Amino acid sequence: MIRLGTSDLEVSPLCLGGTVLGWTADEQRSTAVLDAYTEAGGNFLDTADMYSSWVPGHSGGESEETIGRWMQLRGNRDGLVVATKVGKMPGLQGTSSSVTARAVEDSLRRLRTDRIDLYYVHFDDTAVPVEETLSGLDTLVRQGKVRYVGASNFTADRLAESLAASDRNGWVRYVAVQQEYNLLHRTEFESGMASVLAEHGLSNVPHTALAKGFLTGKYRPGLTVDSHRAADNESRLDARGLAVLAALDRIADAHRTTVAAVALAWLAAQPSTASPIASARRVEQLADLLPVAELRLTGTELESLSAAGSVPAR
Ligand SMILES: NC(=O)c1ccc[n+]([C@@H]2O[C@H](COP(=O)([O-])OP(=O)(O)OC[C@H]3O[C@@H](n4cnc5c(N)ncnc54)[C@H](OP(=O)(O)O)[C@@H]3O)[C@@H](O)[C@H]2O)c1
């Protein structure tokens, strides 16, 4: 287990992403994936109130509801670390204190629980003063509805500003961030956020850890992939994408493991990472990700992956 940032939450080495639950994974498949994940020792679930509002006919909340039904069915809430997010739900957007006060009640109801372990603001809402966002979150923690708070998709400067505002006012402080970070998407995170996290002892729980499936190795030149994510991924087969796949293939062969597990292990080895977040819409997909828990890459392997990820795209 891994200590999450400045909290006392202990999380497993893979965080299960919730976007697919109630979207590309129906109820039966979602239940099977959640069961397989916990049977393998996983305890860290990531969702958001707005998942999967982008699907025609969905209104948001489908992922939280799926998790809520499953936790009630299995009676396992106390053994889990449940993270959700506020700010992007259609009709309930932003991070003003009135929005977070309403949104938390909705999330608690859908999740069928009385507390959220980690409540992220889904984006940095610059239309709301930092102080208002934080005082609203502070109230939720004092009320016992939320245990810890986190920030997602922030810049380093705005994170530092928020931490300073918490300290000045004696309010709850962000314990972790959730930023996009993977072998193909590094500059934004490494150019400033990483040092602010190190300075304050915060963790990153990197999202889109598999680059929406590209880092599983299933996208190859000349192949057509049947996936809702295919349109985002075919353009990644450029010089950098191919260099990363070649390095992943070589290292996965050497360890007799999967390409996806190697991509996640690289991320897990980065200094601020707590647990990478990845989603799986079937149990067979999840099985390819789980070896990250035991996989340790050598320094040379980590360097060669980093070098491949630094190749110019074209
Ligand atoms: N904070 C934020 O703003 C934010 C943004 C994005 C994501 N997130 C979080 O991060 C999580 C992960 O991101 P993500 O779900 O977008 O993408 P991801 O984890 O980078 O990629 C997962 C996708 O890859 C495919 N896949 C997984 N395992 C596979 C395998 N073994 N073989 C072949 N394909 C496989 C599946 O898609 P297909 O089978 O459909 O191809 C799966 O849904 C989300 O669920 C969410 O919790 C947060």
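Residues numbered from 1 in each chain as written. Predicted model: local features only at pLDDT ≥ 70, side-chain atom pairs only at ≥ 80, totals over all residues. Heavy atoms only, no water.

Asker: Any chance you could explain the overall build of the protein here in plain terms?
Answerer: From N to C terminus, the protein includes 11 helices and 12 strands. Here the C-alpha radius of gyration of the protein, 19 Å, is about what a compact globule of 314 residues would show, namely 20 Å. Considering only contacts in the protein between residues 6 or more positions apart, those separated by 24 or more positions represent 76%. Accessible surface computed for the protein: about 13000 Å², of which carbon and sulfur atoms make up 49%. Looking at the protein, you have 31 positive and 39 negative side-chain charges, and the mean spots of the two groups are 2 Å apart. (Helix = DSSP H or I, 4+ residues; strand = E, 2+ residues; numbered from the N terminus. Rg over C-alpha atoms; globule rule 2.2 N^0.38 Å. Contact = heavy atoms within 4.5 Å. Areas by Shrake-Rupley, 256 points an atom, 1.4 Å probe, with all protein chains shown as cover. Lys, Arg positive; Asp, Glu negative; His and termini not counted. Charge placed at Lys NZ, Arg CZ, Asp CG, Glu CD.)

Asker: For this particular structure, what's the right way to read the site of the ligand?
Answerer: The ligand sits among 29 residues. The nearest are Thr-19, Asp-46, Ser-227, Ser-279 and Arg-281. Within the side chain of Gln-285, a nitrogen or oxygen atom sits 2.8 Å from an oxygen atom of the ligand. Taken by itself the ligand offers 900 Å² of open surface, and the protein chains cover 93% of this. Spatially, the ligand is embedded in the largest pocket. (Near = heavy atom within 4 Å. Polar contact = N/O pair within 3.5 Å; in protein donor to acceptor, adjacent residues only side chain to side chain. 1 Å grid on protein atoms, 1.4 Å probe; cavity = no way out; pocket = protein on both sides within 12 Å on 5 of 7 lines; lining within 4 Å. Sits in = over half its atoms within 2 Å of the grid points.)

Asker: Would you explain empty space enclosed by the protein in this entry?
Answerer: A probe matching the size of a water molecule, rolled over the atoms, marks out where space remains unfilled. As enumerated under the stated definition, the model contains one cavity of 30 Å³ or more in all. Size it by volume and the largest cavity reaches roughly 60 Å³. What lines the largest cavity is simply Thr-95, Val-121, Phe-123, Asp-124, Asp-125, Val-128, Val-130, Thr-133, Phe-154, Arg-158, Ser-162 and Tyr-174. At the level of elements, helix H4 (130-142) and helix H5 (156-169) are the ones that each hand at least two residues to the lining of the largest cavity. For the lining of the largest cavity, a count of residues per class yields six nonpolar, three polar and three charged. (Points joined across faces, edges and corners; volume = space filled by probe spheres on them. Nonpolar A, V, L, I, M, F, W, Y, C, P; charged D, E, K, R; others polar.)

Asker: In this structure, what is going on with the pairing of strand S10 (residues 174-178)? I would like to understand it.
Answerer: Of all five residues in S10, five are buried, a share of seventy percent or more. Read as a crossover between parallel neighbours, the route from strand S9 (residues 146-152) over H5 to S10 is right-handed. The sheet contact formed by S10 and strand S11 (residues 203-204) spans two bridges and is parallel. Note on S11: the bridge partner recorded for Val-177 is Asn-204. (Buried < 20%, exposed > 50% of the residue type's maximum accessible area, 1.4 Å probe, protein only. Right-handed = clockwise from strand over helix to strand, strands pointing away. Pairing = 2+ DSSP bridges.)

Asker: Help me understand helix H3 (residues 97-111) in this model?
Answerer: Structural remark: α-helix, 3.6 residues per turn; residues separated by three or four positions point the same way. With 15 residues, H3 should cover 21 Å at 1.5 Å per step; its first-to-last C-alpha distance of 21 Å lies within 8% of that length. Once H3 finishes, Arg-112 follows within two positions and takes phi at roughly 55 degrees, a positive value. (Expected span 1.5 Å × (residues − 1).)

Asker: What's the story with the pairing of strand S8 (residues 116-121) in this structure? I'm lost.
Answerer: Every other side chain in a regular strand lies on the same face of the sheet, so the side chains alternate between the two faces. Most of S8 sits out of view: six of its six residues are buried. Relative to S8, strand S5 (residues 81-86) runs parallel, the two being bridged by four bridges. The residue bridging Thr-84 from the neighbouring strand is Tyr-119, located in S8. Strand direction decides the pairing type here: S8 and S9, joined by five bridges, are parallel. The residue of S9 that forms the bridge with Val-121 is Ala-151.

Asker: How should the packing of helix H2 (residues 62-74) against H3 be read in this particular structure?
Answerer: The description of two packed helices rests on the angle between their axes and on the distance between the axes. Direction vectors running N to C along H2 and H3 enclose 45 degrees, while the axes themselves pass 7 Å from each other. Taken together, H2 and H3 sit at an angle that is classed as oblique. For the pair H2 and H3, the contacting residues are Glu-64, Glu-65, Ile-67, Gly-68 and Met-71 in the first and Ser-107, Arg-110 and Leu-111 in the second. The residue inventory of the contact of H2 with H3, partitioned by class, reads three nonpolar, two polar and three charged. (Axes fitted to C-alpha atoms, helices over the stretch in contact; angles between N-to-C directions. Parallel < 35°, antiparallel > 145°, perpendicular 65-115°, else oblique.)

Asker: Before we go on, may I ask you to explain the UniProt feature "domain: NADP-dependent oxidoreductase" (unreviewed entry) in the protein in this structure?
Answerer: As annotated by UniProt and renumbered to match this structure, "domain: NADP-dependent oxidoreductase" (unreviewed entry) occupies residues 13-306. Helix makes up 44% of residues 13-306 and strand makes up 13%, while its end C-alpha atoms are separated by 20 Å. (UniProt positions renumbered as here; feature names shortened; annotations may be inferred.)

Asker: Explain the pattern of salt bridges to me, please; I cannot follow it from the model alone.
Answerer: Where charged atoms from two side chains of opposite charge approach closely, those side chains can pair. Overall, the coordinates contain 21 salt bridges when judged by the stated rule. Two residues, Arg-110 and Glu-64, come together in a salt bridge whose shortest N-O distance is 2.7 Å. One end of the pair, Arg-110, is in helix H3; the other, Glu-64, is in helix H2, and 46 residues separate them in sequence. Across this residue pair, the class does not change: Arg-110 and Glu-64 are buried. Residues Arg-168 and Glu-131 are paired through a salt bridge, measuring 3.3 Å at the closest nitrogen-oxygen approach. With Arg-168 in helix H5 and Glu-131 in helix H4, the pair connects residues that are 37 residues apart, well separated along the chain. Note on Arg-168: relative accessible area 59%, which makes it exposed. Given a relative accessible area of 32%, Glu-131 falls into the partly exposed group. Ionic contacts of the salt-bridge type, sharing partners, join the residues Asp-8, Arg-77, Asp-117 and Arg-147 into one network. (Salt bridge = Lys/Arg side-chain N within 4 Å of Asp/Glu carboxyl O.)

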